Amino acid sequence: MLQPGERITNHLPAEAVLTAKHVSKTVAGPGGELTILDCVDLEISAGEVVAITGPSGSGKSTLLGILAGLDLPSEGAVQLLGHALVGSDEDERAAIRAGKVGFVFQSFQLLPSFTALENVMLPMELAGLPNTRQQAQDILQRIGLMDRAAHYPAQLSGGEQQRVALARAFAVKPRILFADEPTGNLDGATGARVVQQMFDLRDELGTTLVLVTHDAQLASRCDKRYEMISGRLMAA
């Protein structure tokens with residue numbers, strides 16, 4: 001029953017775009033079975049920005065790969081955008097991601113024989129989107145790199161390459177973006193600029209961000225923070 005002065009609210013729970021339940025990953029090692037992930041549970045809602053931190057070798061990148069469907073767990077279940085990843089083959093997982101999931105990596109992973117513009121156009125062309133050249137030009141313009149559109153990755157600085165990678169990731173207007181150490185190879189000022197552009201694009205598109213990072217300043221800007229410790233995921 002409503003109390004005097006209490007207002008009716010209609011806030012519904014945000015849609016969960018990514019869930020992991022009891023996810024474990026083990027591999028064979030010289031001394032026997034090695035546990036990389038140990039019964040990880042995680043739920044991420046639409047529009048959230050989530051940071052996963054932790055020391056090197058704690059399982060952060062392995063978890064990110066499993067959440068994105070690039071790898072499969074030894075045990076447990078993962079749902080990405082309402083689709084079960086466990087039990088799906090590689091082609092089926094790729095179809096789930098197509099046009100809806102973006103990636104940014106520490107090593108940029110731009111195609112060296114493609115210009116900046118062509119790198120940004122590629123995921124849109126693969127997704128069958130129209131007007132890819134104009135859309136790629138628009139996003140490069142928004143991040144201040146239109147004057148570098150005809151340059152190849154080897155002709156760009158590290159910060160410029162990461163900003164092109166960011167433009168490529170957001171080009172398809174993804175519902176969720178996974179980033180693995182997006183500032184790891186950048187100096188502080190350049191990293192801060194990349195982070196700001198990532199958050200600006202997220203605000204514009206409503207994209208959910210899942211970030212693996214050692215960058216404390218980046219993690220502090222996120223809605224939720226978790227820490228990987230010896231394969232276990234803890235709230236930070």
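Owing to the predicted nature of the structure, the values given are computational and were not obtained by experimental measurement. (Residues numbered from 1 in each chain as written. Predicted model: local features only at pLDDT ≥ 70, side-chain atom pairs only at ≥ 80, totals over all residues. Heavy atoms only, no water.)

Close contact between helix α3 (residues 116-126) and helix α5 (residues 158-170) brings their axes to 7 Å; oriented N to C, the two are set at 25 degrees. Classified by the angle their axes make, α3 and α5 are roughly parallel. For the element pair α3 and α5, the recorded crossing hand is right-handed. For the pair α3 and α5, contact is made by Ala116, Asn119, Val120 and Pro123 and by Val164, Ala167 and Arg168, respectively. (Axes fitted to C-alpha atoms, helices over the stretch in contact; angles between N-to-C directions. Helix = DSSP H or I, 4+ residues; strand = E, 2+ residues; numbered from the N terminus. Parallel < 35°, antiparallel > 145°, perpendicular 65-115°, else oblique. Left-handed = near helix turned anticlockwise from the far one by under 90°. Contact = heavy atoms within 4.5 Å.)

What follows deals with unusual backbone geometry. Residue Asn131 is not a glycine yet carries a positive backbone phi of 50 degrees. Its place among the elements puts Asn131 in the loop between α3 and α4 (132-142). Classification of Asn131 by relative accessible area gives exposed; the value is 59%. Phi at Glu181 is positive, roughly 50 degrees, even though this residue is not glycine. Here Glu181 shows up in the loop between β7 (176-180) and α6 (188-205). (Buried < 20%, exposed > 50% of the residue type's maximum accessible area, 1.4 Å probe, protein only.)

Here the focus is helix α2 (residues 90-97). Taken together, the buried positions of α2 are Arg93, Ile96 and Arg97. The buried residues of α2 occupy an angular sector of 95 degrees when the element is viewed end-on, so they sit on one face. Check the buried side of α2 and you find it contacts β4 (75-80), β5 (83-84) and β6 (101-105). Regarding α2, its N-cap is Asp89, as a side-chain oxygen of that residue lies 3.2 Å from the backbone nitrogen of Asp91 further along. (Arc of directions from axis to C-beta. Polar contact = N/O pair within 3.5 Å; in protein donor to acceptor, adjacent residues only side chain to side chain.)

Taken in spatial order, the 6 strands make up an open sheet running β6-β7-β8-β3-β9-β10, and their pairing is mixed. Across the chains shown, the open sheet's two edge strands, defined by having one partner strand only, are β6 and β10 (232-235). Strand-to-strand twist of the sheet, defined as the mean angle between neighbouring strand axes without regard to direction, takes the value 20 degrees. With 5 bridges joining them, β7 and strand β8 (residues 208-212) adopt parallel strand pairing. For Ala179, the partnering residue across the bridge sits in β8 and is Leu211. (Pairing = 2+ DSSP bridges.)

So, to be careful, I would describe these as geometric facts and stop short of saying anything about function.
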